[in-house]
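Below, each chain spelled out in residue letters.
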Amino acid sequence: TSAMQPYRTSYHFQPPSNWMNDPNGPMIYKGIYHLFYQYNLLGPVPGHKVWAHSTSTDLVNWTPHVPAIVPSEEYDVNGCWSGSATILQEHKPAILYTGVNRQNQQVQNLAVPKNLSDPYLIEWVKSPQNPLMEPTAMNMISPDSFRDPTTAWVGPDGGWRVIIGSQSNRTGMAISYRSEDFVNWTKAEHPLYSANDTGMWECPDFFPVSAQAPVGLDTSINGPNVKHVLKVSLSDSQHDYYTIGTYNSVTDTYVPVEGSVDSNSGLRYDYGKYYASKTFFDSKNNRRILWAWINESSSADDDINKGWSGIQAIPRTLWLDKSGKQLVQWPILEIEKLRTNQVDLPNQLIEGGAILEVSGITAAQADVEVSFEVKELEKAEVLDPTWTDPQMLCSRKGASVKGSLGPFGLLVMASKGLQEYTAVFFRIFKGQNKYVVLMCSDQSRSSINNSNDKTTYGAFLDVDPLHEKLSLRTLIDHSIVESFGGGGKSCITARVYPVLAVDDGTHLHVFNNGAESVGVPKLSAWSMKKARIN
Ligand code: DQQ
């Protein structure tokens, strides 16, 4: 980063300039990871989209290539929108993407590599049969609500299935299509799943997870020890919600059991900023990896001034929690290659009201892991039964509001005199018949510049503080703070734009603003090296 560009990231993926949004078609081919993304070649504003393209051997360092898919035909002249890659028979990749046609209708198109022996897959060829799926008067699909094909999967009959995000009179839905040859697609009678009054479902994602082990599965796997996840990006709220359920591949029906897409109680990948996410199966390492777009919390004018907008979250491995009731996410292990200059705090007790600086690292570009241990749980504040909205609770009880057990956690991106800081912390409450852990990311003091959106985020964390330590990991990178509570059971990502806490003026602290002391058995912090991110 330079003095002129204090908010550019050093290890979170971003192009050198202009507008980026959704990750598209992530995959691994011949040992090389591919990331495509929605990109406006012309400026830091949304504009007309192309599929920009970068590759990597480690998901950390990236090499840019020429855009893979750009508007050129009647069926995509107004934009090449989001879509996904599928690995067909004989390891041949194929991309399904949404084209915005001359009439501004959304249609689905196919593109395949020109030269399969090129592991970088630089050149892509659009199918002469495009568009393959179109809204018509017959199929009653609305032409402005038909987009973002998923990775396709094979059913027991050997046929391909794919879903497309849509809505009909505010009923959000994932429309199903089937194909024998990946070119001729037939719409199924029923959507895979739909929910009333949820509005447009963008970027659906549908994939199996193992109920036995924390490993990833190929998208076409199904069976007795497999559950399925359906994620949708709700355009109304700009949040990614998921449900966990069972998929019957004979009848092509999905029945969610955990979570919901149609209420505030739905499960989210991330309780801060995190949108248009997409997973892929990493066949080399048997894991499923999640990518997502993190937009700015500053104004469009600021985007124009800095010349860019949007970053990608650090890719996360995701798997089904032992409880079967939620997913767990953790930054890909490769990111730890960037760690350097480890600093450890000795095991200690932090008294109520104490703030302790962790020095010796580049605090604007860091990775921190800390765990907290609370002894006298009976002193926990009683949770009012009406406090069901964690974000609201975190906003009302920010880092400066003293409690009993908490708030305790980290002050990241802090300026010298603490005029600026972002607080990531926990509070423990006594619920009806168990302790309830709240995790917050409080941006209210993140910048003395008040034109930024400094909304506070919050999530409940399914950890039992009677038997487990409370762990927190936070990845800090100049204008992004990505936090993982309880080993990845709840995640919160925030964007911050400090004025004082910039580069070397940035500090890191551990704090306890509760009345009771808390143990900190372990705290390790690392400076992060710069990655090659284009
Ligand atoms: N962004 C794409 C659409 C998608 C939306 C356009 C989600 O395909 O629905 O850039 O952010």
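Quick look at the structure, then. (Residues numbered from 1 in each chain as written. Predicted model: local features only at pLDDT ≥ 70, side-chain atom pairs only at ≥ 80, totals over all residues. Heavy atoms only, no water.)

Thoughts on the sheet that holds strand β4 (residues 63-69)
Quick note on the threshold: The pairing criterion for strands is at least two bridges between them, as found by DSSP. Every helix listed is a DSSP run of H or I at least four residues long, and every strand listed is a run of E at least two residues long, numbered separately from the N terminus.
Strand order in the open sheet formed by five strands is β4-β3-β2-β1-β22, and the pairing between neighbours is mixed. A single partner strand is all that each edge strand has here, and the edge strands are β4 and β22 (308-309). As paired strands, strand β1 (residues 18-29) and β22 are joined by two bridges and run parallel to one another. The partner of N18 across the bridge, within β22, is W308.

Some details on the side chain of S490
As a reminder, the rule being used: Definition of a polar contact: a pair of N or O atoms within 3.5 Å, with one able to donate and the other able to accept a hydrogen when the atoms are protein atoms, and with sequence-neighbouring residues admitted only if both atoms are side-chain atoms. Contacts are assigned to residue pairs that have any heavy atoms within 4.5 Å of one another.
Position of S490 among the secondary structure elements: in strand β37 (residues 490-495). At a separation of 2.8 Å, a polar atom in the side chain of S490 contacts the main-chain carbonyl oxygen of F460. Residues contacting S490, with those up to four places away along its chain left out, are M439, A459, F460, L461, S483, F484 and G485.

Some details on unusual backbone geometry
Stated precisely, the cut-off is as follows: When accessible area is computed with a 1.4 Å probe and restricted to protein chains, residues below 20% of their type maximum are described as buried, those above 50% as exposed, and intermediate ones as partly exposed.
Along the chain, N130 connects to P131 via a cis peptide bond; the corresponding omega equals -10 degrees. By the element assignment, P131 lies in the loop between β8 (124-126) and β9 (146-147). At the junction of G406 and P407, the peptide bond is cis and its omega measures out at 5 degrees in the coordinates. Its location among the elements puts P407 in the loop between α2 (390-396) and β31 (408-414). Although it is not a glycine, D148 sits at a positive phi angle of roughly 70 degrees. Within the secondary structure layout, D148 lies in the loop between β9 and β10 (153-154). Note on D148: relative accessible area 3%, which makes it buried.

Some details on the nonpolar core
It is characteristic of soluble globular proteins that their nonpolar side chains tend to be buried jointly. The test is simple: Nonpolar cores were defined as sets of buried Ala, Val, Leu, Ile, Met, Phe, Trp, Tyr and Cys residues, with membership established by side-chain atoms within 4.5 Å. Reported domain spans reflect what an automatic or database domain assignment gives.
Among the nonpolar cores identified, the biggest contains 63 residues, and Y269, F372, F426, I428, L470, L508 and L523 are the most heavily contacted of them. Both domain 1 (19-331) and domain 2 (339-528) contribute no fewer than three residues apiece to this core. Apart from residues no more than four positions distant in its own chain, F426 is found in contact with F372, G406, P407, F408, V437, L438, M439, L461, L470, S471, L472 and G485. Judged by nonpolar contacts, the second largest core, of 27 residues, contains F13, L59, V60 and F280.

Considerations on the pairing of strand β17 (residues 239-248)
Of all 10 residues in β17, eight are buried, a share of seventy percent or more. Here strand β16 (residues 226-234) pairs with β17 via seven bridges, running antiparallel. Within β17, the position partnered with V229 by the bridge is I244. Taking the residues between adjacent antiparallel strands as the criterion, β16 and β17 are bridged by four residues, where Q238 takes a positive phi near 55 degrees. Bridge count between β17 and strand β19 (residues 267-268): two bridges; the pairing is antiparallel. Bridging across to β19, Y242 finds its partner in L267. Examined bridge by bridge, β17 and strand β18 (residues 253-258) share five bridges and lie antiparallel to one another. Opposite G245, over in β18, you have P256 as the bridge partner.

A look at the sheet that holds strand β5 (residues 80-88)
To be explicit about the condition: All axes are obtained by fitting lines to C-alpha atoms, using only the stretch in contact for helices, and the reported angles, taken between N-to-C directions, cover 0 to 180 degrees.
With antiparallel pairing, the four strands of this open sheet are ordered in space as β5-β6-β7-β8. At either margin of the open sheet sits one strand with a lone partner, and together these are β5 and β8. On average, each strand axis in the sheet is tilted by 30 degrees relative to the strand beside it, whichever way the strands run. Inspection of the sheet shows strand β6 (residues 92-100) paired to strand β7 (residues 106-113) by six bridges, in the antiparallel sense.

What about the site of the ligand?
What counts is decided by this rule: Whether a residue is near a molecule or strand is decided by its heavy atoms; if any one of them lies within 4 Å of it, the residue is near. In this description, accessible areas are obtained by the Shrake-Rupley approach with a 1.4 Å probe, and a residue is regarded as covered only by the protein chains that are shown. Note that Gly is not counted as nonpolar here; it falls among the polar residues with everything else outside the nonpolar set of Ala, Val, Leu, Ile, Met, Phe, Trp, Tyr, Cys and Pro and the charged set of Asp, Glu, Lys and Arg.
Taken together, the neighbourhood of the ligand is formed by N21, D22, Q38, K49, W81, S82, R147, D148, E202, Y275, A276 and W293. E202 is positioned such that a nitrogen or oxygen atom in its side chain is 3.0 Å from an oxygen atom of the ligand. Protein contact buries 92% of the 310 Å² of open area that the ligand shows by itself. When contributions to the shell around the ligand are tallied by element, the ones reaching two or more residues are β1, β5 and β20 (275-282). A per-class count over the shell around the ligand returns four nonpolar, three polar and five charged.

Examining empty space enclosed by the protein
Filter applied, for reference: Buriedness of a pocket was judged along seven lines, with at least five required to meet protein on both sides within 12 Å; pockets are open sets of points on a 1 Å grid over the protein atoms alone, cavities are sets where a 1.4 Å probe fits but cannot get out, and lining residues have an atom within 4 Å of a point. Grid points are joined across faces, edges and corners, and a volume is the space filled by probe spheres set on the points.
Going through the model one piece at a time under the given rule, you end up with one cavity of 30 Å³ or more. Of the volumes computed, that of the largest cavity is approximately 50 Å³. Lining the largest cavity, in full, are Y11, H12, F13, L59, V60, W62, W291, A313, I314, P315, I335 and I533. Grouping the constituent residues of the lining of the largest cavity by class yields 11 nonpolar, one polar and no charged.

Examining the side chain of R8
Mapped onto the fold, R8 is located in the segment before β1. At a separation of 2.9 Å, a polar atom in the side chain of R8 contacts the main-chain carbonyl oxygen of P15.

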